[in-house]
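Inside the fold
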2 protein chains.
Amino acid sequence: MTDFNSTVVALKDALGDKVSTGVSVLDLHASDEAHFKPARPDAVIFPESTDDVVNIVKRCAADQCPIIPYGVGTSLEGHIIPVRGGVTVDTSRMNRVLQVNSDDMDAVVQPGVTRKQLNEALKTTGLMFTVDPGADATIGGMAATRASGTNAVRYGTMRENVMALEVVLADGRVIRTGTRARKSSAGYDLTRLFVGSEGTLGLMTELTVRLFGQPEMIAAATCRFDSVEGAVNTVIQAIQLGIPLARIELIDTLSIRALNAYNEDMNLTEAPHLFLEFHGTENGVAEQIELFKELSNDGGGHEFQWATKNEDRTALWRARHDAYFATKALRPGCEGYVTDSCVPISQLAECIKETEKAVKKSGLTAPLIGHVGDGNFHLAILIDGSPKELAQAKALANDISSLTLSLGGTVTGEHGVGIGKRPYMLEEHGDAYSVMGDLKKTFDPLNIFNPGKLVSVN
Amino acid sequence: MTDFNSTVVALKDALGDKVSTGVSVLDLHASDEAHFKPARPDAVIFPESTDDVVNIVKRCAADQCPIIPYGVGTSLEGHIIPVRGGVTVDTSRMNRVLQVNSDDMDAVVQPGVTRKQLNEALKTTGLMFTVDPGADATIGGMAATRASGTNAVRYGTMRENVMALEVVLADGRVIRTGTRARKSSAGYDLTRLFVGSEGTLGLMTELTVRLFGQPEMIAAATCRFDSVEGAVNTVIQAIQLGIPLARIELIDTLSIRALNAYNEDMNLTEAPHLFLEFHGTENGVAEQIELFKELSNDGGGHEFQWATKNEDRTALWRARHDAYFATKALRPGCEGYVTDSCVPISQLAECIKETEKAVKKSGLTAPLIGHVGDGNFHLAILIDGSPKELAQAKALANDISSLTLSLGGTVTGEHGVGIGKRPYMLEEHGDAYSVMGDLKKTFDPLNIFNPGKLVSVN
């Protein structure tokens, strides 16, 4: 591996104590939440402004030193691992909410602002930022991976919720893409090109995101089902009937066991469940619930447990959000190998059924949860990190990826490509994958931006 | 201008009577709906398959002959005018609805399918394609210009409604972007890069579009206001309160006069109006109407006239859709010079007020209508086509563009760039405009795809 000592020295000269080479700091930036092999950066830099980022990019471009953007490290596909060394740009000091435009229902933030921080800042406005991947990720990281999560079925993913960006390009130029106007036909959609680009095309230094009004009424519930199939079919019908579900999450039996064990107040029957949330006016929510109940009765649903009080709702969704850690606790010390299938909803029941078969055949422990309203679900394959189990998990994930693609889906509904999903991209995209490579070369001819992730350029 | 005779001969050899050089056909493809100077193509080709398109692109690439895509010619920014000659690719024979996936609420169509044709094909499914720019444009043309229209406030623009594409690239390769899954984090968002690219990056040969369920209840109405300001403020409040308006259109006094004159059954008071539509359950629509009425009373609204019967609703929206032709009929024989401001909604009242002042000062006749729920409105400046009036209209449009940009908006909310809005792109995008130029060169190094439109490459 190339040595970037002189780059680090130059950056220290320019940026002083914003540059750290302390071993504990390097280690903290060497891995994400998943099973990938850690790799230390040569330095971690904590820029405080767009100008700092420009200085970093110019120096790194001159030295052909990799730049890896870092939010809070909750990635699941190895995005933030410096596989070729270089400097990690940690956005934690660029964490200001720059504007809250209540009248326009948007906010302008620096990339290091987390979603909870933004919602805290919005508390008195009656508005909310809806994209919610579970983890308290940064808005920058969420935009970079085109994140979504539980609310996407109603309010969209980062694709729909990022309106405009400030981006530092590989030559150090700072561009602005998009405006705060709600729509535009003014040329190529650069905003959406950067959203989901995983730090491989440029570094986002400012993001304008869409906000929504807090609904008059929120009702959340859990509902037990006789079978995963019944639950999934209920979801499919609800979507097709146009019930504007705000959240609809499938939790399989094993995951319910994990949640019960992880949360002392939780004591759900060990069976597949849907976790639901309805938003609207009081009457509107009542209508949605009525309709959904009819469907769930037909699908073998029982025992609606309502969380109407704010704290009960919060507890319910915290439990859902902690599901990854709860399921990992099923096997203490294990690593998680996470799949991320997303298929057209008509194929969801089939995809889950075949996935369950493949898990059974593999002999591995792999609880299943999903944002089923979008046709998206995850397995968390729990492995001990040994080469043997890693290989078994990989084989299972391969089978599920093939299955997903054969059903017209994508192997990464919301976690991004990183290094984990890169091997499947050619199969998923065909010739379009080489077009992505061309784009990468156009924006980043020296391949300094997060090299080794998403695309294959040499 | 270069002569592409030999290209046309070669294409005739390859494609037979799919190639036309009849003068009337060339003339029909020489201009769009707006004021731009016509220019004939060297030939018009009517491909019937993706293979035909590949053949056209390969031949034209070899000869560096421009290719101009053409739907039904309802563009307003000169997109389809062959300003450098070459061949026009008319998609009217690629007009098959290939799939209607009711369960997934999507459809796969060829680019020449028009929006009315698609909705006709959906009639028995309970589903609808919602993007509605007024004209019965082709889905291909609408995707190419990132069109929107009256329903976008509720259901989104072509940006949100195109899920996947088949595209022929400049080297003749055929790629597929996106899938029918509702979301994806699988790399760069090529779908949204092609949407709005106006035929300058590749030719779309297949489009997968999102559908929505037809609402249980639809109610449409007109509401008269004392002032444009009162109407606009009512809209702003309705949006901020989160009333899920399906359509909310502003029609100024002059436009009302034009609509009354153009439609024999229409007899609205000559004053600013909002045209509205509410979608939902019966109770939901009743709630929306109740809430909206309160707001409109405060804003100086009177005389709600309801169009509850299907035919009355259809008549109302047909009148709205014909507004461009109705306003042009105010001055027989005139040409339309159309502006397309879109601003953050907090700036809308100011933008419209200043626009009205500028119109008054100019002395020109320029009725104003708008998709005000999105912050988007148009002037149709009615000119006689003389150099004098063209210059006056241009000066007025310049003033309005500067005003729009100063208020944080875009000069093209939904009509695209073409040749008409190209002069404003550098001011709107700054350095990001040169990035668009880089993208153009990456996809189309020979500049054969709709040259002279959207970007500036040499």
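Residues numbered from 1 in each chain as written. Chains lettered and ligands numbered in written order. Predicted model: local features only at pLDDT ≥ 70, side-chain atom pairs only at ≥ 80, totals over all residues. Heavy atoms only, no water.

Concerning the overall build of chain A
The number of helices and strands found in chain A is 17 helices and 19 strands. Out of the 458 residues in chain A, the part that is buried amounts to 63%. Looking at chain A alone, contacts between residues at least 24 apart form 71% of all its contacts between residues at least 6 apart. Carbon together with sulfur atoms contributes 48% to the accessible area of chain A, which is approximately 16,500 Å² in total. Placing the 43 positive and 58 negative side-chain charges of chain A at their respective mean positions leaves the two points 3 Å apart. (Helix = DSSP H or I, 4+ residues; strand = E, 2+ residues; numbered from the N terminus. Buried < 20%, exposed > 50% of the residue type's maximum accessible area, 1.4 Å probe, protein only. Contact = heavy atoms within 4.5 Å. Areas by Shrake-Rupley, 256 points an atom, 1.4 Å probe, with all protein chains shown as cover. Lys, Arg positive; Asp, Glu negative; His and termini not counted. Charge placed at Lys NZ, Arg CZ, Asp CG, Glu CD.)

Observations concerning the pairing of strand S14 (residues 273-280) of chain A
All names here are of chain A. In terms of burial, S14 is largely enclosed, as eight of its eight residues are buried. Residues His273, Phe275, Glu277 and His279 of S14 are buried on one face, and the alternating residues Leu274, Leu276, Phe278 and Gly280, pointing to the opposite face, are buried as well. Looking at chain direction, strand S12 (residues 217-225) and S14 are connected through eight bridges and run antiparallel. For Ala220, the partnering residue across the bridge sits in S14 and is Glu277. In this sheet, S14 lies alongside strand S13 (residues 245-251) in antiparallel orientation, the contact comprising six bridges. (Pairing = 2+ DSSP bridges.)

Description of the interface of chain A and chain B
Contacts between the two partners involve 70 residues from chain A, matched on the other side by 70 residues from chain B. Here chain A packs against chain B, burying approximately 5,700 Å² in sum over the two surfaces, 56% of which is carbon and sulfur. It is Lys183, Ser185 and Tyr188 of chain A in chain A that bury the most area against chain B; as a group they hold 17% of the surface buried on that side. Run the count over chain A and chain B and you get four salt bridges. (Buried area = accessible area lost by both parts, 1.4 Å probe. Salt bridge = Lys/Arg side-chain N within 4 Å of Asp/Glu carboxyl O.)

Focus: the relation of the copies chain A and chain B
If you rotate chain A by 180° and push it 0.0 Å along the axis, it lands on chain B with an RMSD of 0.0 Å. Here the symmetry operator amounts to a two-fold rotation axis. With an isologous cut-off of 70% or more, the 100% of interface residues of chain A that recur at the interface of chain B puts this contact in the isologous class. (Least-squares fit on C-alpha atoms with pLDDT ≥ 70 in both.)

A short note on the environment of Gln347 of chain B
Position of Gln347 of chain B among the secondary structure elements: in the loop between strand S17 (341-342) and helix H14 (348-362). Between the C-alpha atom of Gln347 of chain B and that of Thr404 of chain B, which follows or precedes it by 57 residues, the distance is 9.0 Å.

Regarding the packing of aromatic side chains
Residues and elements named next belong to chain A. Summed over all chains, the structure comprises 16 aromatic pairs over all chains. Ring geometry for Phe278 against Trp306: centres 6.2 Å apart, planes inclined by 40°, an arrangement best described as tilted. Residue Phe278 is located in strand S14, and its partner Trp306 is located in strand S15 (residues 301-307); the two are separated by 28 residues in the primary sequence. Residue classification places Trp306 among the partly exposed residues on the basis of a relative accessible area of 32%. (Phe/Tyr/Trp six-rings, centres within 6.5 Å; stacked < 30°, edge-to-face > 60°.)

Regarding the pattern of salt bridges
Within this structure, the stated rule accounts for 52 salt bridges over all chains. Between Glu120 of chain A and Lys123 of chain A there is a salt bridge, with the nearest N and O atoms lying 3.3 Å from each other. A salt bridge links Glu350 of chain B to Lys353 of chain B; the shortest N-O distance between them is 3.7 Å. With Glu350 of chain B and Lys353 of chain B both in helix H14 and three residues apart, this pair spans about one turn of that helix. Among the residues examined, Lys353 of chain B registers a relative accessible area of 38% and is labelled partly exposed. Within this structure, Arg115, Asp132, Arg247, Glu277 and Arg313 of chain A form a network of salt bridges that share partners.

A look at the state of the cysteines
In the structure shown here, the tally under the stated rule is zero disulfides over all chains. Just so you know, Cys351 of chain A is unpaired, no disulfide at all, and the nearest cysteine sulfur is the one on Cys342 of chain A, 9.4 Å from it. (Disulfide = S-S within 2.5 Å.)

Section: helix H11 (residues 282-298) of chain B
Residue and element names in this part refer to chain B. Over its 17 residues, H11 runs 25 Å from end to end, which matches the ideal 24 Å to within 8%, given 1.5 Å per residue. Along H11, the residues that are buried comprise Gly284, Val285, Gln288, Ile289, Phe292, Leu295 and Ser296. One side of H11 carries all its buried residues, which in axial view fall inside an arc of 130°. For H11, exposure combined with an orientation more than 90 degrees from the buried face picks out Glu282, Asn297 and Asp298. Two residues or fewer past H11, Gly300 is found with a positive phi of approximately 85°. (Expected span 1.5 Å × (residues − 1). Arc of directions from axis to C-beta.)

Comments concerning the packing of helix H9 (residues 228-240) of chain B against H14 of chain B
Residues and elements named next belong to chain B. Close contact between H9 and H14 brings their axes to 9 Å; oriented N to C, the two are set at 160°. Comparing the axis directions of H9 and H14 gives the class roughly antiparallel. Our pair here, H9 against H14, has a crossing hand that is right-handed. Here Val228, Val232, Asn233 and Ile236 of H9 come into contact with H14, specifically with Leu348, Ala349, Ile352 and Glu356. Taken together, the residues of the contact of H9 with H14 sort by class into six nonpolar, one polar and one charged. (Axes fitted to C-alpha atoms, helices over the stretch in contact; angles between N-to-C directions. Parallel < 35°, antiparallel > 145°, perpendicular 65-115°, else oblique. Left-handed = near helix turned anticlockwise from the far one by under 90°. Nonpolar A, V, L, I, M, F, W, Y, C, P; charged D, E, K, R; others polar.)

Things to note about unusual backbone geometry
A positive phi angle, near 55°, is found at Glu198 of chain A, a position not held by glycine. Structurally, Glu198 of chain A can be placed in the loop between helix H8 (190-194) and strand S10 (203-210). With relative accessibility at 3%, the residue Glu198 of chain A sits in the buried group. Of note, the phi angle at Arg146 of chain B is positive, near 50°, even though the residue is not glycine. One can find Arg146 of chain B in the loop between helix H5 (139-144) and helix H6 (152-155).

A few points about the domain arrangement of chain A
The figure often quoted for interface size is the accessible area lost as the parts come together. All names here are of chain A. Annotation of chain A at the domain level lists domain 1 (5-92), domain 2 (95-213), domain 3 (217-325) and domain 4 (331-427). Each of domain 2 and domain 4 was reduced to a C-alpha centroid, and the two centroids are 28 Å apart. Contacts between the two partners involve nine residues from domain 2 and, on the opposite side, nine residues from domain 4. Counting the surface lost from both domain 2 and domain 4, the interface buries some 550 Å², and carbon and sulfur atoms represent 41% of this. For the pair domain 2 and domain 4, the number of links is four residue pairs in polar contact (both at pLDDT 80 or more). (Domains from an automatic or database assignment. Polar contact = N/O pair within 3.5 Å; in protein donor to acceptor, adjacent residues only side chain to side chain.)

Thoughts on empty space enclosed by the protein
All names here are of chain A. Applying the stated criterion across every chain yields a total of four cavities of 30 Å³ or more. There is about 100 Å³ of room inside the largest cavity. Counting residues per element, the ones that place at least two in the lining of the largest cavity are strand S16 (335-338) and helix H15 (387-406). Element by element, the count of residues in the lining of the largest cavity is highest for S16, at three residues. The residue inventory of the lining of the largest cavity, partitioned by class, reads seven nonpolar, five polar and two charged. Residues from two domains meet in the lining of the largest cavity; each of domain 1 (5-92) and domain 4 (331-427) gives at least three. (1 Å grid on protein atoms, 1.4 Å probe; cavity = no way out; pocket = protein on both sides within 12 Å on 5 of 7 lines; lining within 4 Å. Points joined across faces, edges and corners; volume = space filled by probe spheres on them.)

Thoughts on the sheet that holds strand S2 (residues 43-45) of chain B
Residue and element names in this part refer to chain B. Strand order in the open sheet formed by four strands is S1-S2-S4-S3, with mixed pairing between adjacent strands. Pairing within the sheet leaves two strands with one partner each, and these edge strands are strand S1 (19-20) and strand S3 (67-70). In the sheet, S2 pairs with strand S4 (residues 87-90) via three bridges, with the strands oriented parallel. Looking across to S4, one finds that Val44 is bridged to Thr88.

A look at the side chain of Thr234 of chain B
Residue and element names in this part refer to chain B. Mapped onto the fold, Thr234 is located in helix H9. Looking at Thr234, its side chain comes within polar contact range of the main-chain oxygen of Gly230, at 2.8 Å. For Thr234, the residues in contact, after removing those within four places along its chain, are Phe225, Phe292, Leu295, Ser296 and Gly299.

Digging into the pairing of strand S18 (residues 368-371) of chain B
Residue and element names in this part refer to chain B. Here S18 shows a buried face lined by Leu368 and Gly370 and a second buried face lined by Ile369 and His371. Sheet analysis places strand S13 (residues 245-251) next to S18, joined by two bridges and oriented antiparallel. Paired with Ile251 across the two strands is Ile369, which belongs to S18. Where S18 lies against strand S19 (residues 376-383), four bridges are found, and the strand directions are antiparallel. Residue Ile369 lies in a different strand from S19, and its bridge partner there is His378.

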